[in-house]
Structures are given as C-alpha cells and as structure tokens.
Amino acid sequence: MTPSKTPAEVLDIEGVEVRISSPDKVVFPDPGLTKLDLVRYYLAVADGALRGAGGRPMVLKRFPKGINAEPFFQKRVPENHPPFVDTTTLHYASGTSAEEAVIRDAAGLAWVINLGCLDLNPHPVRAEDLEHPDELRVDLDPMPGVDWSQIVDVAYVAREVLADAGLVGWPKTSGSRGLHILVRITPQWSYRDVRLAAETLAREVENRAPGLATARWWKEERGESVFVDFNQNAKDRTVASAYSVRPLPDARVSAPLTWEEVRTARPEQFTVQTVPQRFADIGDPHAGIDDAVGTLGGLLALAEKLGPAEKAPRSGNGTGRRQSLMPLIEVARTKTKPEALAALDQWKARHPAAVGGLQPADVLVDGMRGSSSLWYRVRVNLQHVPEDKRPPQEDLIADYDPWAGKQWPGRPGS
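Here the structure is a predicted model, which is why all the values come from computation and not from measurement.

Our focus in this paragraph is the sheet that holds strand S16 (residues 363-369). Judged by pairing direction, the sheet is antiparallel, and its 3 strands sit side by side in the order S15-S17-S16 without closing on themselves. Taken across any chain shown, the strands that pair with only one partner, and hence form the sheet edges, are strand S15 (328-334) and S16. On average, each strand axis in the sheet is tilted by 25° relative to the strand beside it, whichever way the strands run. Here S16 pairs with strand S17 (residues 374-381) via 7 bridges, running antiparallel. Residue Asp366 lies in a different strand from S17, and its bridge partner there is Arg377.

Next up, the structure:
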C-alpha cells in the first residue's frame with residue numbers, strides 16, 4: 001500500500017462507527033483501487049462474506065506494504081480491538097494458543113480490512129465449538145501445466161463422490177488458479193476425523209479420475225494433475241473464504257458459483273469491480289449452504305473400505321524423515337517469492353542441459369508457512385532428465401532460515 005496522509009474517514013455501518021485510516025491509500029495500482037474501495041466492496045457483499053467467515057475465529061493476513069510485498073499472519077487479535085469484534089482463544093497443535101478475532105457483522109468486516117487485510121482466513125469451526133469443525137474444505141490445486149478444463153473435470157468428480165457419501169458440495173473459485181468446494185457438516189467429529197474424511201474423498205477422486213487428479217501429498221509425485229488438497233482440513237489450517245479479495249494485480253475475488261456455472265466460468269471474471277453488481281443481480285449462490293448440513297458417516301465408512309493410505313518410505317539414517325523416491329534436488333530457501341524465482345533462474349543458467357528435459361510440474365516453488373509469514377523453497381525434480389545430465393545436489397543458492405532466533409514449544413528442529 002502506498003503512503004498516504006489522507007485524513008481518516010468514519011463510516012456509519014448499521015449504526016456502528018468504524019474509522020478507516022488513509023482511505024485513499026492505493027492498494028491495487030493497476031485498477032486504481034483504494035483501501036476505502038475495498039471496504040465498500042466488502043460492505044456490498046457483506047451477507048455472503050459473513051456467511052463464509054462470520055462467527056469463526058480468524059487469522060489476520062495483513063499486507064502493510066501492499067500486494068507486491070509479503071504479508072504477515074497475525075493470530076492474536078490487536079489489544080485495542082473495538083467492542084463489536086468478538087474474540088475466542090484457540091489452542092494450536094504446536095502447544096501455543098492465541099486469542100483470535102471473531103467478526104459477526106459488516107462493521108467487523110470493515111474493521112478487518114482497515115487493518116490491511118485483503119482476504120478473510122477463518123478456521124473451519126464456530127467460536128462456540130472450537131474442537132469440532134462444521135465445514136469440510138476441498139481445495140483443488142492444479143500443478144503447473146494443468147489447464148482450467150482439467151480442474152473443472154476433477155470438480156465434477158469430487159461432486160459425484162460427495163453425493164455418493166450423502167454430502168452437498170458448494171463450489172467457488174479460489175481467487176487464484178484453482179477451485180474450492182465447501183461442505184457443511186454437523187459439528188460432531190474431531191479434526192482428525194474430518195481430515196481423514198477429506199483424504200478419503202481425495203483418494204476416491206483419484207481412483208475415479210486417474211491421471212487427472214491425485215491425492216499424493218508429496219508434490220514431486222503428482223505430475224501434471226490436480227491435487228485434491230485434503231490437508232487444508234488439518235487443525236491449524238485456514239483458507240481464503242467466500243468473497244475474499246486475493247493479492248493479484250487485477251483484484252481477483254474468491255467467488256461462489258453454482259454448479260451450472262463451473263463449466264463456463266473463469267477465475268479472472270470475478271474481481272472487486274465486477275462481483276458487487278453480480279451480487280446485486282443474483283444474490284449469493286451459496287445462500288443455501290447452511291441448510292445443507294450432512295454427516296461424515298459415508299466418507300468414514302469408505303475410509304475403512306479403502307484401508308490406510310500408502311505412506312512414504314523413511315530414510316535409513318536414523319532421522320525418521322521421509323525419503324523421496326524421486327531424483328529431487330533443492331535449489332534455494334528464500335524470504336520472498338521474487339528471490340526464489342531469481343535463484344531458480346540462476347540455477348537454470350548453470351545447468352542448461354538439464355533444463356531442456358524439465359516438464360512444467362518438475363519445477364517446485366513452494367510457499368511455506370513460517371512463524372508469522374511465508375517463506376519459499378525451490379526444488380527441481382530431475383525425473384525427466386537423462387541420468388548423465390542430472391546435476392548433483394549443490395550448496396543452496398540462498399539459505400534463508402525462517403526460524404532463526406525464534407524459540408517456542410514445537411519449534412522445527414527443537
């Protein structure tokens with residue numbers, strides 16, 4: 001966000017005053033959208049946005065330096081939060097806890113956006129029951145080289161599997177390259193059960209659409225397929241909810257769809273500038289989601305039928321770490337994505353003979369969650385490179401340590 005000295009603007013939102021600081025600060029330079037524009041966007045779609053994020057503890061993903069800089073993740077609600085923002089305390093698998101924000105109305109939406117948030121990242125639980133999710137989340141994540149039509153084909157297979165299990169899926173664009181399918185469930189199962197149900201769904205989708213979809217957790221093993229990301233249902237995970245604005249230059253939105261729209265819709269259609277009119281014209285395609293609550297009995301029964309998922313082999317050096325079956329080398333670990341891409345370019349310049357054999361899905365640039373922000377890992381899968389042209393593992397071009405100087409229970413390597 002560019003610096004601005006514009007005086008704050010106070011909005012009256014359903015009788016609640018919300019202060020918007022630097023309202024003319026430009027957030028999206030290409031379309032010229034300001035912070036106030038984003039607030040007004042969320043107010044225009046508030047009913048839908050709150051259907052996805054309201055009443056749930058939320059991680060605040062803040063972009064204080066704009067969309068071209070890395071955001072930071074703030075679990076703990078600011079101490080000076082207003083009285084119309086509720087809170088609840090979550091206990092994480094790492095042994096830590098955090099008092100997180102819970103928004104319940106349009107004023108809360110405006111307050112979150114004023115903090116520099118763009119997308120909304122709620123947990124899949126209600127504030128009233130933090131241990132039993134009421135939402136199963138299906139994230140269809142395409143590997144490089146996969147086009148939209150393949151994602152759509154996998155989405156319809158996932159819909160079929162859900163229907164066979166007595167569940168209703170509600171599709172939305174992720175706001176990036178993929179699709180999300182949301183499933184409301186009765187809050188009676190643990191996170192472990194919900195994740196198992198999601199993994200079972202992913203395995204069955206792969207069984208029904210081999211080559212198109214994969215449930216393989218390890219990225220280098222997926223090929224040019226759509227990964228049905230079941231791990232988004234792990235306890236500490238959040239995903240961008242419906243109507244969230246994503247940090248892409250065109251201010252793209254994670255837009256709820258009807259199943260009839262999935263085949264013809266394209267992610268780039270849905271932006272901050274187009275979605276409010278769509279919402280005014282047709283309302284929220286997910287308006288019935290809270291009336292379509294199902295149980296996990298069908299998926300958990302299928303889990304027993306399929307048996308345990310195949311586990312990756314462990315290394316024999318005593319560390320207990322997973323050992324990849326692919327000829328994988330690591331190139332760099334960096335603080336930012338531009339640094340990661342620059343390191344990749346440097347590696348490619350060193351090894352032109354290997355580059356000629358790489359497929360799109362062989363280049364792995366992953367955003368990894370650190371303590372409060374993302375960091376990036378660059379790897380290359382040499383499976384399509386002839387053995388005599390495969391470069392060895394070398395010293396990392398960049399070796400950023402996101403955990404340097406930080407200590408807490410459960411810290412990686414502790």
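Having seen it, we continue.
To characterise two packed helices, one gives the angle between the axes of the helices and the distance between these axes. Taken N-terminus to C-terminus, the directions of helix H1 (residues 35-44) and helix H3 (residues 106-114) make an angle of 155°; their axes are 9 Å apart at the nearest point. Taken together, the axes of H1 and H3 lie roughly antiparallel to each other. Note on packing geometry: the crossing formed by H1 with H3 is right-handed. From H1, Lys35, Leu38, Val39, Tyr42 and Leu43 reach across to H3, where they touch Ala106, Leu109, Ala110, Ile113 and Asn114.

The full count for this structure, using the stated rule, is 6 aromatic pairs. With a centroid separation of 6.2 Å and an interplanar angle of 75°, the aromatic rings of Phe227 and Phe230 are classed as edge-to-face. The exposure class of Phe227 is buried, given its relative accessible area of 1%. Relative accessible area serves as the criterion here: at 3%, Phe230 is assigned to the buried category. When the ring of Tyr243 is compared with that of Phe279, the centres are 5.5 Å apart and the planes differ by 85°; the resulting orientation is edge-to-face. Highlighted residues: Tyr243 in the loop between strand S14 (226-229) and helix H6 (259-262) and Phe279 in helix H7 (residues 275-282), separated in sequence by 36 residues. In terms of burial, Tyr243 and Phe279 fall into one category: buried. The structure contains a cluster of three or more aromatic residues connected by ring pairs, namely Trp217, Phe227 and Phe230. The lysine or arginine in question, Lys75, covers the ring of Tyr92, its NZ or CZ lying 3.8 Å from the ring centre. Sitting above the plane of the Phe227 ring, Arg222 keeps its charged end 3.6 Å from the centroid.

Cut-offs and rules
- Each residue is numbered by its place in its chain's sequence as written, counting from 1.
- Confidence filtering applies because this is a predicted model: local features only for residues at pLDDT of at least 70, side-chain atom pairs given and counted only at 80 or more, and all residues used for totals across whole chains, interfaces and linings.
- As a rule here, side-chain values come from all non-hydrogen atoms in the structure, and water together with hydrogens is ignored.
- Any two strands with at least two DSSP bridges between them are considered paired.
- Strands are runs of DSSP state E lasting at least two residues, helices are runs of H or I lasting at least four, and both sets are numbered from the N terminus onward.
- Note on method: axes are straight lines fitted to C-alpha atoms, helices fitted across the in-contact stretch only, with angles between N-to-C directions ranging 0 to 180 degrees.
- The labels follow the angle: roughly parallel below 35 degrees, roughly antiparallel above 145, roughly perpendicular from 65 to 115, and oblique for the rest.
- Helix crossings fall into two classes, left-handed where the near helix is turned counterclockwise from the far one by less than a right angle and right-handed where it is turned clockwise.
- The contact rule is simple, with two residues in contact once any of their heavy atoms fall within 4.5 Å.
- Classification of ring pairs rests on two measures: the distance between centres of Phe, Tyr or Trp rings, Trp counted by its six-membered ring, which must be within 6.5 Å, and the angle between planes, read as stacked under 30 degrees, edge-to-face over 60 and tilted in between.
- The buried label goes to any residue with under 20% of its type's maximum accessible area, the exposed label to any with over 50%, and the partly exposed label to all in between, with areas taken from a 1.4 Å probe on protein chains only.
- Definition used: whenever NZ (Lys) or CZ (Arg) falls within 6 Å of the ring centre and also within 35 degrees of the ring normal, the charge is taken to sit over that ring.

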